[in-house]
Amino acid sequence: MAIATNQEVDLGSEQDFGVVVDESTLRFERLLPGPVERVWAYLTEPEKLARWIATPTSAVGADTTVEFTWDHSKLSPHKEPTPPQYQQFQGMVSRWRVTRFEPPRVLSWIWDEGTESESEVTVELTPQADDVQLVLTHSRIPKAE
């Protein structure tokens, strides 16, 4: 079943919404504390990436391919066990191939290139006073069976 274009989708909590742009594209926006260089660091530096998404094999840069290992227990200083709904991802390895690298404003990558789950992610950062507008567009998302 396809999702209607521009339908809002709950991504976790009542304040976390994304917009389904079309049947294979999801976009969400967040206003984050700045400056833009700080947000960029969380998208590209290994120690910062490991604190919010997964542990990378190297820094994210122009023309790089980086592998990420998913380990929920490393995301929290409390070292709590992986919640049941995320256990299927524990230890999973995924690969990003960077296709656009324009520090500190635009980062795009192919996620899991050459696999059935290949998709594309673009993050755009725009300074807004002391904050940063983050727009993440996840496109070419494979259809769920």
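The paragraphs below set out a description of the structure included in this document. (Residues numbered from 1 in each chain as written. Predicted model: local features only at pLDDT ≥ 70, side-chain atom pairs only at ≥ 80, totals over all residues. Heavy atoms only, no water.)

**Regarding the overall build of the chain**
At step 1: What the chain contains, in helices and strands, is 2 helices and 9 strands.
At step 2: Taking all 145 residues of the chain together, the buried fraction comes to 30%.
At step 3: If you take every contact in the chain between residues at least 6 apart in sequence, the share linking residues at least 24 apart comes to 37%.
At step 4: Here the chain has roughly 9,100 Å² of accessible surface; of this, 52% comes from carbon and sulfur atoms. (Helix = DSSP H or I, 4+ residues; strand = E, 2+ residues; numbered from the N terminus. Buried < 20%, exposed > 50% of the residue type's maximum accessible area, 1.4 Å probe, protein only. Contact = heavy atoms within 4.5 Å. Areas by Shrake-Rupley, 256 points an atom, 1.4 Å probe, with all protein chains shown as cover.)

**Focus: the packing of aromatic side chains**
At step 1: Considering all chains together, one arrives at 5 aromatic pairs under this definition.
At step 2: Here Phe 68 and Trp 96 contribute two aromatic rings whose centre-to-centre distance is 4.4 Å and whose plane-to-plane angle is 40°, an arrangement assigned as tilted. With Phe 68 in strand β5 (residues 65–69) and Trp 96 in strand β6 (residues 93–102), this residue pair connects regions lying 28 residues apart in the sequence.
At step 3: Seen from their ring centres, Trp 70 and Trp 111 are 6.1 Å apart, and the 10° between their planes marks the pair as stacked. Taken together, the residues span a long stretch of sequence, with Trp 70 in the loop between β5 and β6 and Trp 111 in strand β7 (residues 106–111) at a distance of 41 residues. Considered together, Trp 70 and Trp 111 belong to a single accessibility category, that of buried residues. (Phe/Tyr/Trp six-rings, centres within 6.5 Å; stacked < 30°, edge-to-face > 60°.)

**Some points on the pattern of salt bridges**
At step 1: The final tally for this structure, using the stated rule, is 8 salt bridges.
At step 2: Where Glu 113 meets Arg 97, a salt bridge forms, and the shortest distance between an N and an O atom there is 2.7 Å. Of the two residues, Glu 113 sits in the loop between β7 and β8 (119–128) while Arg 97 sits in strand β6, which places them 16 residues apart along the sequence.
At step 3: With relative accessibility at 37%, the residue Glu 113 sits in the partly exposed group. (Salt bridge = Lys/Arg side-chain N within 4 Å of Asp/Glu carboxyl O.)

**Overview of the side chain of Ser 139**
At step 1: Note that Ser 139 resides in strand β9 (residues 131–139).
At step 2: Aside from chain neighbours lying at most four places away, what touches Ser 139 is Ser 24, Thr 25, Ser 119 and Glu 120.

So yeah, pure geometry; function would need other evidence.
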